[in-house]
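Structural characterization, general
Listed below, chain by chain, are the residues.
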Amino acid sequence: MTAAPIIRVRDLKVAFGSSVVLEHLNLDIPQGEVVGVIGPSGCGKSVLLRAITGLKPPESGSVEVFGEQLETLSREERTAIERRWGIMFQDGALFSNLTVRENVMVPMKEHTQLSRPLMHDLADMKIRLSGLAASAGDKYPSDLSGGMRKRAALARALALDPELLFLDEPTAGLDPITAAAFDTLVRSLQRALGLTVFLVTHDVDTLHATCDRIVVLGEKKVLAVGTIPELREVDHPWIQEYFSGPRGRAAAPMTEEEA
């Protein structure tokens, strides 16, 4: 028997004033997978993430996470659901006036009654889990490199031991080596912690390195869902250009014949 999807979106419409970004969008995200979300610039990838997490209320349609329709929940019920996911925003969204450790402790302060010493210790554990040295906890975001800030933001997203992780362009602005290391970290954490990962990206290397399945957005809806080999067979101009163009071919693993 197939498990129910961890995220179920039905007939979603999201607009900014008279500008409709997403419409008649339907999507299921299976539990325990890394699912990449791609599409042309401005197609609504980050908007979809924000709609699923309630940061951008939709005009119509329904969003179900963990089997619960979010729009029907009370504030207390909604808070309980939000404790089960973590979000890493594109720019990290770290508080500049707080240390890395204090940033990671923010969700703990908001959602738990843990003692400060315990929060301190747990934050340090999440910092190390994200691939940073323990000493990074005392630093401020301005003291960190771009890659280190990404890892600090990931540590904060993992603060409450989420089952579901939302990553918005996690490798944007990183050099190829740092981006590849971050991709490896995400995949290893997903496997070790049993996470479901909803990953918005434009980086074809990230798709090859981390994703089990890919969702292609465009024309205000989901154009296709599948693995990279499956999407290469989809007869759509943008999808063909993305995976079969120069960048897509360069990112693809070599076959035995090519090696």
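Everything in this summary refers to the structure shown in the same document. Not measured: the values here are computed from a predicted model.

Here we come to the sheet that holds strand β10 (residues 221-226). Across the sheet, 6 strands lie side by side as β6-β7-β8-β3-β9-β10; this open sheet has mixed pairing. Across the chains shown, the open sheet's two edge strands, defined by having one partner strand only, are β6 (85-88) and β10. The sheet shows a mean angle of 15° between the axes of neighbouring strands, direction not considered. Judged from the 4 bridges that link them, strand β3 (residues 34-38) and strand β8 (residues 196-200) form a sheet pairing that is parallel. Directly across from Val34, in β8, lies its bridge partner Val197.

Ordered in space as β2-β1-β4-β5, the 4 strands form an open sheet in which the pairing is antiparallel. In this open sheet, the two strands that pair with only one neighbour each are β2 (19-29) and β5 (68-69). Pairing of strand β1 (residues 7-16) with strand β4 (residues 60-65), which is carried by 5 bridges, proceeds in the antiparallel orientation. Looking at β4, one finds that Val9 is bridged to Val63. The sheet contacts of helix α1 (residues 45-52) involve β1, β2 and β4, and relative to β1 the element is tilted by about 115°.

Here helix α6 (residues 176-193) contains 18 residues, and its C-alpha end-to-end distance of 26 Å stays within 8% of the 26 Å for a straight helix at 1.5 Å per residue. Residues of α6 that are buried include every one of Ala179, Phe182, Asp183, Leu185, Val186, Arg187, Leu189 and Gln190, and no others. Immediately downstream of α6, the backbone of Gly194 shows phi near 70°, a positive value.

Definitions and limits used
- Residues numbered from 1 in each chain as written.
- Predicted model: local features only at pLDDT ≥ 70, side-chain atom pairs only at ≥ 80, totals over all residues.
- Heavy atoms only, no water.
- Pairing = 2+ DSSP bridges.
- Helix = DSSP H or I, 4+ residues; strand = E, 2+ residues; numbered from the N terminus.
- Axes fitted to C-alpha atoms, helices over the stretch in contact; angles between N-to-C directions.
- Contact = heavy atoms within 4.5 Å.
- Expected span 1.5 Å × (residues − 1).
- Buried < 20%, exposed > 50% of the residue type's maximum accessible area, 1.4 Å probe, protein only.

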